[in-house]
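As a plain string of letters, each chain reads:
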Amino acid sequence: MKSVTRTGSFPIGFRRGWSAWQKDLKQFIDFAVSERFAAVDVGAMELPELKQILDAGLMIGSVDLKQPWKELASADEDKRKSAAEINAAYMRQVAALGISQFFAVALVEDESVPRAQSMTQAIDGYGRLCEQLAGCGARVVFEGWPGGAPRYPSLACTPADYRLLLAALPHAHAGINFDPSHLIRMGIDPIRFLREFGPRVGHVHAKDTQLLDDELFEHGNLQVATDAKPHGFGGHHWRYTIPGHGVARWDVMFRILQEQGYSGMVSIELEDENFNGSEEGEKRGLIASRDFLLHA
């Protein structure tokens, strides 16, 4: 029997990582099947590999857009046009396999450009992409990863930015990859976020964030510490964790998603210094995440 959440009965899966055992497609599939995961998320793979996953009885929750994503927000109109055409062709091919959600982060090409200008360019680039998706059922879902320090340049991470981008793009072809870990890290209430944006959620990442009060007192939330290293997959006063090891209220969030008609998968994105780094640790982290979500 495939794994589903207690609240909402959402299929439980996980996002393919970058370690050697996950890069081996057979090992990746065998682990997912043997541990009763219902689905997986993958990068921009070729069709024969996607079919191999589907033939193993796994759902594919999302597939990445083709890189470089930043070209969809380029100042160069020709780059935006080309990136939109390349991705539209790929999405149409993949959508023919019954896969509808395509993952992306709204990256900017030039971090020195004012955000308002980059947003205008992103709206144009992704708008061009959406125009070419009519009838195929494919949708881009934007994850709110804020980008790297010190600028944190990614677009569509905060409620204000999501409103700007999604208001300009069609509901059928543009939505949200809901990842509460990024919202919590930025001080944004993920439950309030869902109450507003739930109808635009097309995909969900199961990743949590632990907030570390003592380290916040020691180092604050702005400066790099003088004599302390940041946490793996985190900063000084926060770190990403597996679901249940942070502050997210998964039962409440799943209830809201259920009430708003969400019917997709819940995908574990393993980024936790206590589990990443070895095959044994990563498998243990994915299994522990699954077991928590089964009862959430």
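What comes next is a walk through the structure. (Residues numbered from 1 in each chain as written. Predicted model: local features only at pLDDT ≥ 70, side-chain atom pairs only at ≥ 80, totals over all residues. Heavy atoms only, no water.)

In this section: the overall build of the protein chain. The helix and strand tally for the protein chain stands at eleven helices and ten strands. Referenced to the eigenvectors of the C-alpha coordinate spread, the extents of the protein chain come out at roughly 50 × 45 × 40 Å. Taken across its 296 residues, the protein chain has 52% of its residues classed as buried. Of all intrachain contacts in the protein chain linking residues separated by at least 6 positions in sequence, the fraction that spans at least 24 positions is 73%. (Helix = DSSP H or I, 4+ residues; strand = E, 2+ residues; numbered from the N terminus. Buried < 20%, exposed > 50% of the residue type's maximum accessible area, 1.4 Å probe, protein only. Contact = heavy atoms within 4.5 Å.)

Topologically, histidine 173 is positioned in the loop between α6 (159–167) and β6 (174–178). When sequence neighbours within four positions are dropped, the list of residues in contact with histidine 173 reads Cys130, Leu133, Ala134, Ala138, Arg139 and Val140.

Below, the discussion takes up empty space enclosed by the protein. Evaluation of the coordinates by the stated rule reveals one cavity of 30 Å³ or more. If you trace the largest cavity, you find it lined by Glu143, Gly144, Cys157, Tyr162, Ile176, Asn177, Phe178, Asp179, His182, Leu183 and Phe193. Counting only elements with at least two residues in the lining of the largest cavity, the list comes to β6 and α7 (180–186). The residue makeup of the lining of the largest cavity, split by class, is six nonpolar, three polar and two charged. (1 Å grid on protein atoms, 1.4 Å probe; cavity = no way out; pocket = protein on both sides within 12 Å on 5 of 7 lines; lining within 4 Å. Points joined across faces, edges and corners; volume = space filled by probe spheres on them. Nonpolar A, V, L, I, M, F, W, Y, C, P; charged D, E, K, R; others polar.)

All right, on to the layout of surface pockets then. Quantified by volume, the largest pocket comes out at close to 840 Å³. Sorting the residues of the lining of the largest pocket by element identifies α7, α9 (213–219) and β9 (238–241) as the ones contributing at least two each. A volume near 320 Å³ is recorded for the second largest pocket. Taken together, 22 residues line the second largest pocket, and the ones lying closest to its centre are Ser100, Gln101, Gly202, Ser263 and Gly264. Elements supplying a minimum of two residues to the lining of the second largest pocket: β3 (59–64) and β7 (201–206). For the lining of the second largest pocket, the class distribution of residues is ten nonpolar, eleven polar and one charged.

So, about the pattern of salt bridges. All chains considered together, the criterion is met by 20 salt bridges. We note a salt bridge from arginine 151 to glutamate 111, for which the minimum N-O separation is 3.9 Å. Placement of the pair is arginine 151 in the loop between β5 (139–143) and α6 and glutamate 111 in the loop between β4 (101–104) and α5 (115–131), with a sequence separation of 40 residues. In this structure glutamate 111 comes out as partly exposed when scored by relative accessible area, which is 42%. One salt bridge connects glutamate 280 with arginine 284, and the closest N-O pair in it is separated by 3.0 Å. (Salt bridge = Lys/Arg side-chain N within 4 Å of Asp/Glu carboxyl O.)

In total, this model carries 16 aromatic pairs according to the counting rule given. Plain terms: the ring middles of phenylalanine 178 and phenylalanine 193 are 6.1 Å apart, the flat faces sit at 15° to each other, and that makes the pair stacked. Of the two residues, phenylalanine 178 is situated in strand β6 and phenylalanine 193 in helix α8 (residues 190–197); the sequence distance between them amounts to 15 residues. The two residues phenylalanine 178 and phenylalanine 193 agree in class, both being buried. One aromatic cluster in this structure is built from Phe14, Trp21, Phe28, Phe31 and Phe37. Note that arginine 15 overlies the ring of phenylalanine 103, its terminal NZ or CZ placed 4.6 Å from the centroid. Directly above the aromatic system of tyrosine 240 lies the positively charged group of lysine 207, at a separation of 4.1 Å from the ring centroid. (Phe/Tyr/Trp six-rings, centres within 6.5 Å; stacked < 30°, edge-to-face > 60°. Lys NZ or Arg CZ within 6 Å of the ring centre and 35° of its normal.)

Read around the barrel, eight strands follow the order β1-β2-β3-β4-β5-β6-β7-β10 and close on themselves; strand pairing throughout is parallel. Averaged over all pairs of adjacent strands, the angle between their axes in this sheet comes to 30°, without regard to strand direction. In the sheet, β6 pairs with β7 via three bridges, with the strands oriented parallel. When the sheet's bridge partners are listed, isoleucine 176 is paired in β7 with valine 201. Here helix α2 (residues 25–34) sits on the sheet and contacts β1 (12–15) and β2 (39–42); the angle it forms with β2, its principal contact strand, is near 150°. (Pairing = 2+ DSSP bridges. Axes fitted to C-alpha atoms, helices over the stretch in contact; angles between N-to-C directions.)

Here we come to the packing of helix α4 (residues 77–95) against α5. Relative to each other, α4 and α5 sit at 35°, their axes nearing to 8 Å. Crossing angle aside, the handedness with which α4 passes α5 is right-handed. Counted together, Glu77, Arg80, Lys81, Ala84, Asn87, Ala88 and Met91 of α4 and Gln121, Asp124, Gly125, Arg128 and Leu129 of α5 form the full contact between these two elements. In terms of residue class, the contact of α4 with α5 is made up of four nonpolar, three polar and five charged. (Left-handed = near helix turned anticlockwise from the far one by under 90°.)

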